[in-house]
Amino acid sequence: MGLLAACGGPGTLRRRAALVSRMAKKTLEDCPPETLADQVVVVRVDYNLPLNRDGEVVDDTRLVRTLPTIQYLVEAGAKAVLLSHLGRPGGRPDPALSLRPVAGKLEEFLGYPVGFCPMTTGLQAQEAVQGMKSGEVLLLENTRFCPEDARNDAEWAEEEISFGTKLFVNDAFGAVHRAHASTQGVADAVRRCGGDAVAGFLLEREIRSLSDTMADPEHPFVTIIGGAKISNKIDVIEALLPAVDQLLIGGAMANTFFKAHGWAVGDSLVEEDRIDTARRLMDLAGDKLLLPVDVLTAPSITSDVSTCVSACDEVGEAQHIGDIGPRTAELFTDVVGGARTVIWSGPMGVFELAPFRSGTFEVARAAASTADQGATVIVGGGDSAAAAVAAGVVDRITHVSTGGSASLEFLSGNEMPAVAALSDR
Ligand code: ADP
Ligand code: MG
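Note that this is a predicted model, so its numbers are computed, not measured.

1. Topic: the sheet that holds strand S6 (residues 137-140)
Now for step 1: Spatial ordering of the open sheet is given by S5-S6-S4-S3-S7-S8, a layout of six strands whose pairing is parallel. The sheet is open, and its two borders are formed by strand S5 (114-117) and strand S8 (196-199), each paired with just one other strand. Between one strand axis and the next, the sheet turns by 25° as a mean value, whatever way the strands run.
Now for step 2: Pairing analysis gives four bridges linking strand S3 (residues 40-44) to strand S7 (residues 167-170), with the strands arranged parallel. Of the residues in S7, the one forming a bridge with Val42 is Phe168.
Now for step 3: Helix-sheet contacts for helix H4 (residues 100-110) involve strand S4 (79-83), S5 and S6, and the interaxial angle to S5 is about 170°.

Below is the structure:
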């Protein structure tokens, strides 16, 4: 165990698979409990949880997935100092993005008190850490209240480990694609001091699931890409194309492909500046690419409209495409049903609104059924994960990634700077 691989550098899947077996990184499994007692261990978590207008946490999946790492440290008698970002406060304190309510949530799950410090660095944070006893947990305030985090400031990172810290645990998969002070900077700093930077259990599981699937996917290998924009997903489409047997495109992204075919899309969302890209991807993919054959349209994308089914080359003027149509849902369900490996990123329509949710839900249910039959099904992307929850199938999916952009970057073969910065085994 403990074989964690850092995928790095742009490259083909085969090259990346080679990297996987070569570049193994240390994980928390390499840290026996007896070495942790009374140690101040700094842990980067991703508590960038969705909050409602009242500041209440609406989805705590990312938090729940960090519990094994925190419990391991607590049971070993370490002092766990947690760092996380929340939202995009832009380097300034913003009370609406305080982590204080998240500390309360963590306390509920752990069943014992979790300290919260309203500062991330400075005297108050130092004193809070110095006052910790063995087996205690302390969450520091949002790292992005400090401009140094996004700047990857080395001095700031050093201050975060200035408690004699010899171990940094990164358990924030959703942030590993960012070279920030709280991700890469702290890892580098702790290694400079002769300590270790290791992957926590969540990070290890994420990387293992994604890299194992990519290194040797069972065929047929089907990828479903949807969501709002092609521009967000060109890299992942290009990286996956050589490996997949079939690429299904849905969501607003399909509209740009329709345009590339010369079909009218009414008032639907289109990326005019990506029509050439769509054309190039169609040439590259050949008959691996499956576009919708029909779509659901409505005069507006709102929760109370009635919808029509149109062939995708017959969308009327002033119509908005809001979902794939029933024939497409059937076609996609068949393809997914025959797959042995599925990667799904991006909803098929505006699933947040009742009139446009059925295409996404049908694909989600098909993915869950094929997983029930032993296929490997990976869901990457925050909205797709939310759709899998809303469709009631999330527990049947092989792996739902906690990292939206991070999982796409990983699958695209891009370097993960915060993983590269971990200690080699
Ligand atoms: P993920 O987070 O799973 O990667 P994206 O963020 O790429 O997914 O895209 C999700 C968004 O795309 C959703 O908010 C959804 O409403 C939107 N979307 C999907 N299809 C359409 C469409 N036809 N028109 C407008 N928006 C769409
Ligand atoms: Mg999204």
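2. Quick word on the sheet that holds strand S11 (residues 289-290)
Now for step 1: Strand order in this open sheet of six strands is S11-S10-S9-S15-S16-S17, and the pairing throughout is parallel. Because the sheet does not close on itself, it has two edges, and the strands there are S11 and strand S17 (399-400).
Now for step 2: With five bridges joining them, strand S9 (residues 221-225) and strand S15 (residues 341-345) adopt parallel strand pairing. If you follow Val222 over to S15, its bridge partner there is Val342.

3. Re helix H12 (residues 275-285)
Now for step 1: Within the sequence span of H12, burial applies to Ile275, Thr277, Ala278, Leu281, Met282 and Ala285. Buried positions in H12, seen along its axis, are confined to an arc of 155° and lie on one side of it. Of the exposed residues in H12, those oriented more than 90 degrees away from the buried face are Asp276, Asp283 and Leu284.
Now for step 2: The inward-facing, buried residues of H12 abut helix H10 (234-240), helix H11 (253-260) and S11.

4. Regarding the state of the cysteines
Now for step 1: Here the structure, examined in full by the defined rule, presents zero disulfides.
Now for step 2: You can see Cys146 has no disulfide; the closest cysteine sulfur is in Cys117, sitting 11 Å from it.
Now for step 3: Here Cys308 stays free of any disulfide, with the sulfur of Cys312 as its closest cysteine sulfur at 15 Å.
Now for step 4: Among the residues examined, Cys308 registers a relative accessible area of 46% and is labelled partly exposed.

5. A look at the pattern of salt bridges
Now for step 1: Within the structure shown, the criterion is met by 12 salt bridges.
Now for step 2: Across the salt bridge formed by Arg62 and Asp46, the nearest N and O atoms sit 3.2 Å from each other. Of this pair, Arg62 sits in helix H2 (residues 61-64) while Asp46 is found in the loop between S3 and H2, placing the two residues 16 residues apart along the sequence.
Now for step 3: Measuring nitrogen to oxygen at the nearest pair gives 3.1 Å for the salt bridge that ties Glu218 to Arg340. Separated by 122 residues along the polypeptide, Glu218 in the loop between helix H9 (201-215) and S9 and Arg340 in the loop between helix H13 (326-337) and S15 bring together distant segments of the chain.

Rules used in this analysis
Residues numbered from 1 in each chain as written. Chains lettered and ligands numbered in written order. Predicted model: local features only at pLDDT ≥ 70, side-chain atom pairs only at ≥ 80, totals over all residues. Heavy atoms only, no water. Pairing = 2+ DSSP bridges. Helix = DSSP H or I, 4+ residues; strand = E, 2+ residues; numbered from the N terminus. Axes fitted to C-alpha atoms, helices over the stretch in contact; angles between N-to-C directions. Contact = heavy atoms within 4.5 Å. Buried < 20%, exposed > 50% of the residue type's maximum accessible area, 1.4 Å probe, protein only. Arc of directions from axis to C-beta. Disulfide = S-S within 2.5 Å. Salt bridge = Lys/Arg side-chain N within 4 Å of Asp/Glu carboxyl O.

No statement about biological role is implied by the geometric values presented.
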